Amino acid sequence: MEQQALQRYLDIAVPTPLRRSFHYLSPPDFPANIQPGSRIRVPFRNKKVTGILLGYVDSIATDKHKIKPAEELLDTAPIVPETLCKLCIWAADYYHHPIGEVFAAALPNLLRRGDSPEDLQFVLTARGQETELKPRAHRQRAMIDLLSQNPQGLSRDELGEFSSAIIHSLIDKELVTKEIVSQQPFSHTRTDYQGIQPTGEQNDAIEAINSPGTYLLQGVTGSGKTEVYLRLIERMLDQGLQSLVLVPEIGLTPQTLKRFETRFDVTITVVHSGLTETERLRSWQQARTGQAGIVIGTRSAVFTPFAKPGLIIVDEEHDASFKQHEGFKYSARDLAVLRASWDKTPILLGSATPSLESLHNAISGKYTHLQLRKRPAGIAQETYQVISLKHKEPDTGFSPPLLKLMRQHLDAKGQILIFLNRRGFAPVLLCTKCHWMANCPRCDARMTYHLSSRRLICHHCTSESSVPQHCAQCQSSQLLLLGLGTQRIEEHLKLTFGDVPVLRIDRDSTRRKGSFDKLLDEINRQDPAILIGTQMLAKGHHFSNVTLSVMLEVDSSFYSADYKAMERMGQLILQVGGRSGRSEKPGTVVIQTHFPDQPLLKQLIDEGYNTFADTILSERRDNGLPPYCHQALVRAESTSRRLAMDFLEELEGANNPHVDVFGPFPSSMEKRAGRYRALLMISSQSRQSLHKELKEKILTAESSILGKKLRWSVDIDPIDLF
Ligand code: ADP
Ligand code: ZN
Ligand code: ZN
């Protein structure tokens, strides 16, 4: 065939929940070789949408005459760099998620709307500089005056006081114009940092990370992992290369940012869900043009484009929040590893308590295993102590020996951290006569009593109701609040230790903007205090005067049906424990439990995380569980219990002998927010077989009539099984 006769079609990712791309004709006014990663406006179901060019195809399955021409090319050069395009295409395939939605998650919204990624600023035109042309209107004149005092131009933010109408009228009169701000790659002056001198172990790690590859940096809490990160980032900056630092929580970005800003002279940009759309686009562009030397961000920052990628760091790599739980269910950590291998850059996974997947990869030699076993000289390691609740259940949550210990630490001017992962006052409202409990009408869950609002709130669907005066079943008025939440502990400790501040840090107490910072300021004043916190407090924070950390309840994980529960509990104990004894004062960690002889708990405390992890890994190997097999879930949810199960039954069984399919079965909390949930588990030792089987199941699901009547989704490498 002759070259010219060959009709090539544009292959475009369109924002739609369909697991495929779409083909369009390239209109005559389009350039011949548009590069993949460029944005193109296309007609789609009576709408115009922004798609991303994936490539070209020579032949199409649909009728040639039905195929529509693309409408407008938005970029002269690809806006999504090659690696990022490749990452999105790979992720859509691996996570079996619609490609258009993957790009939608990866790109700032403003880009999808068709905005330019360039930073624009407003300057006076030559005409605008002629004072006699000043408009009569007062606001327009004020803006011209401001711009003439700032001849270099002002951004839209800096002109915040002026409405868009005023700006546009001045542009229409050709008094003001928009200019693209040119962005320079970051500049960095080499310094010889003399602050902290790395320990031998830190030096070994810094030296070892000198070529592309995946490195697992396992360092006990407070061992100085951050110092290793900083030295490596510095080395990158010296070479003109950028670093990406992924952190698990938005709450940790200010702290990390502060630490990095005092050390480096380059632009550091943050990426997280709290940014405005304009800020998000700006961060994206600063990274893409190379203006930012360092990007710090949560999960979605793994999709940041880089001009000169040098290094990726995933801090607290074991943390479950690197996995997205809704919609496009990707693992930012796993995508980061892949991305680094394509960019041929090193990636460092850091944690005191690595995930068993990463540890397994380190043991098998796939990752380079580096360890910091000791804290730097002068900083003591914490000691662990188990307090048995075997004989008497304390109604307040605090056993007498624990109360005594707390008093000692407060008298020695230390701070105490109490960890309880349950907010509210009490998780159960019980009728003492007939044992009726206040349940959420929309979930298989109890309502939690909240003291501040004096209402019952469901933590799973946010339903609220007033507190009933009488039992709904027997009308008795003898209702009892059972169990402990952070608010109840706060009340109790305020009564018991009236002389010290009791600070509660959970989602309720930090909801208002700035309130978390205020609490942190108070903690950092170092005065004796009791801090009560949920998960929020357990992660990454550095409290130098906490000398006692307490885990009030750990027992639920000992009999959980979730095989990951023990791994998570071990990580949590050491992370909470690691909050104490971060300075010269030694730290103590107390774990209250009804099962002081639980073998894994003993092993964790007596022999350390690696022995504990080895035991769990060998159990997993014996039972054929991850990381010794691969898993995927198909979840269904519907207002009809029957429908969810019937739909999954259509997907039952395996075609491939190397694949096991379990279920369908109801989720452990079957009803949530008014919907019944069920799941089907697919498992195999071969990833390839698993994905092939899953592809077939998805085809069946997509053509199922039942499938159209409910919500279903696929979760690859699930970490939340129930
Ligand atoms: P991690 O991230 O491993 O929990 P950090 O990096 O936060 O630990 O370090 C804990 C503390 O130890 C910090 O206050 C840090 O300044 C200090 N530190 C780190 N490395 C050294 C060192 N080589 N010498 C002295 N102090 C150090
Ligand atoms: Zn009753
Ligand atoms: Zn509910």
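Quick caveat, the model's predicted, so the values are computed rather than measured.

Quick look at the site of ligand 1
- The full set close to ligand 1 counts 18 residues, and Gln-197, Gln-202, Gly-222, Lys-225 and Thr-226 are the nearest of them.
- Taking Gln-202, its side chain carries an N or O atom lying 2.8 Å from a nitrogen atom of ligand 1.
- Within the side chain of Arg-259, a nitrogen or oxygen atom sits 3.3 Å from an oxygen atom of ligand 1.
- Contact with the protein chains covers 79% of the free accessible surface of ligand 1, which is 570 Å².
- Broken down by element, the residue count for the shell around ligand 1 peaks at 3 residues, all from helix α8 (residues 225-238).

Concerning the coordination of the zinc ion (ligand 2)
- At this site the zinc ion (ligand 2) is bound by Cys-431 (SG), Cys-434 (SG), Cys-471 (SG) and Cys-474 (SG), with donor distances of 2.2 to 2.4 Å.
- In this structure, the zinc ion (ligand 2) is surrounded by 4 donor atoms whose angles at the metal cover 103 to 113°, and the resulting shape is tetrahedral.
- Assessed through its relative accessible area of 0%, Cys-431 is described here as buried.
- What makes Cys-474 partly exposed here is its relative accessible area of 33%.

Overview of the sheet that holds strand β23 (residues 502-505)
- As summarised here, the arrangement of the 6 strands in space is β16-β26-β25-β17-β24-β23, forming an open sheet in which the pairing is parallel. Each end of this open sheet is capped by a strand with a single partner; those strands are β16 (383-388) and β23. Along the sheet, successive strands turn relative to each other by an average axial angle of 20°, direction set aside.
- Sheet contacts for helix α13 (residues 400-411): β16, β17 (415-419), β24 (529-533), β25 (546-551) and β26 (588-593); angle to β25, the most-contacted strand, approximately 160°.

Side note on the sheet that holds strand β15 (residues 368-372)
- Reading across the sheet, the 7 strands line up as β11-β12-β10-β13-β14-β9-β15 and stay open at both edges, with parallel pairing between neighbours. In this open sheet, the two strands that pair with only one neighbour each are β11 (267-271) and β15. Averaged over all pairs of adjacent strands, the angle between strand axes in this sheet comes to 20°, irrespective of strand direction.
- Relative to strand β12 (residues 292-297), helix α9 (residues 253-263) is tilted by about 155°, and along the sheet it contacts β10 (242-246), β11 and β12.
- Sitting on the sheet, helix α12 (residues 356-363) is in contact with β9 (213-219), β14 (346-351) and β15, with an inclination near 115° to β9.

Side note on the side chain of Ser-557
- Counting through the fold element by element, Ser-557 comes out in the loop between β25 and α17 (565-577).
- The class of Ser-557 is buried, set by a relative accessible area of 9%.
- Polar side-chain contacts of Ser-557 include one of 2.8 Å to the backbone oxygen of Val-554.
- Ser-557 has contacts with Ala-565, Met-566 and Met-569, leaving out every residue within four places of it along the chain.

Remarks on the coordination of the zinc ion (ligand 3)
- Here the zinc ion (ligand 3) is held by Cys-440 (SG), Cys-443 (SG), Cys-458 (SG) and Cys-461 (SG), and the distances to it run 2.2 to 2.4 Å.
- For the zinc ion (ligand 3), the 4 donor atoms are set out with angles of 103 to 114° between them, so the coordination reads as tetrahedral.
- All donors to the zinc ion (ligand 3) come from one chain, and their sequence spacing reads C-x2-C-x14-C-x2-C. Taken together, the residues span a long stretch of sequence, with Cys-443 in the loop between β18 (428-431) and β19 (448-450) and Cys-458 in the loop between β20 (455-457) and β21 (464-466) at a distance of 15 residues. The pair Cys-443 / Cys-458 is uniform in exposure class, with both members buried.

As for the nonpolar core
- Counting 105 residues, the largest nonpolar core has Phe-103, Phe-303, Met-551, Ile-573, Phe-647 and Trp-712 as its most contacted members.
- Broken down by element, the residue count for this core peaks at 7 residues, all from helix α1 (residues 82-94).
- The residues touching Phe-103, leaving out its near neighbours within four places in the chain, are Ala-13, Ile-52, Leu-54, Val-80, Cys-85 and Cys-88.
- The next biggest cluster of nonpolar side chains, apart from the first, holds 30 residues, and it includes Ile-206, Leu-232, Leu-237 and Val-270.

Each value, and the rule that gives it
Residues numbered from 1 in each chain as written. Chains lettered and ligands numbered in written order. Predicted model: local features only at pLDDT ≥ 70, side-chain atom pairs only at ≥ 80, totals over all residues. Heavy atoms only, no water. Near = heavy atom within 4 Å. Polar contact = N/O pair within 3.5 Å; in protein donor to acceptor, adjacent residues only side chain to side chain. Areas by Shrake-Rupley, 256 points an atom, 1.4 Å probe, with all protein chains shown as cover. Helix = DSSP H or I, 4+ residues; strand = E, 2+ residues; numbered from the N terminus. Donors = N, O, S within 2.8 Å, 3.2 Å for Na, K, Ca; no water. Tetrahedral: all angles 85-135°; square planar, octahedral: opposite > 155°, others 65-115°. Buried < 20%, exposed > 50% of the residue type's maximum accessible area, 1.4 Å probe, protein only. Pairing = 2+ DSSP bridges. Axes fitted to C-alpha atoms, helices over the stretch in contact; angles between N-to-C directions. Contact = heavy atoms within 4.5 Å. Core = buried A, V, L, I, M, F, W, Y, C linked by side-chain atoms within 4.5 Å.

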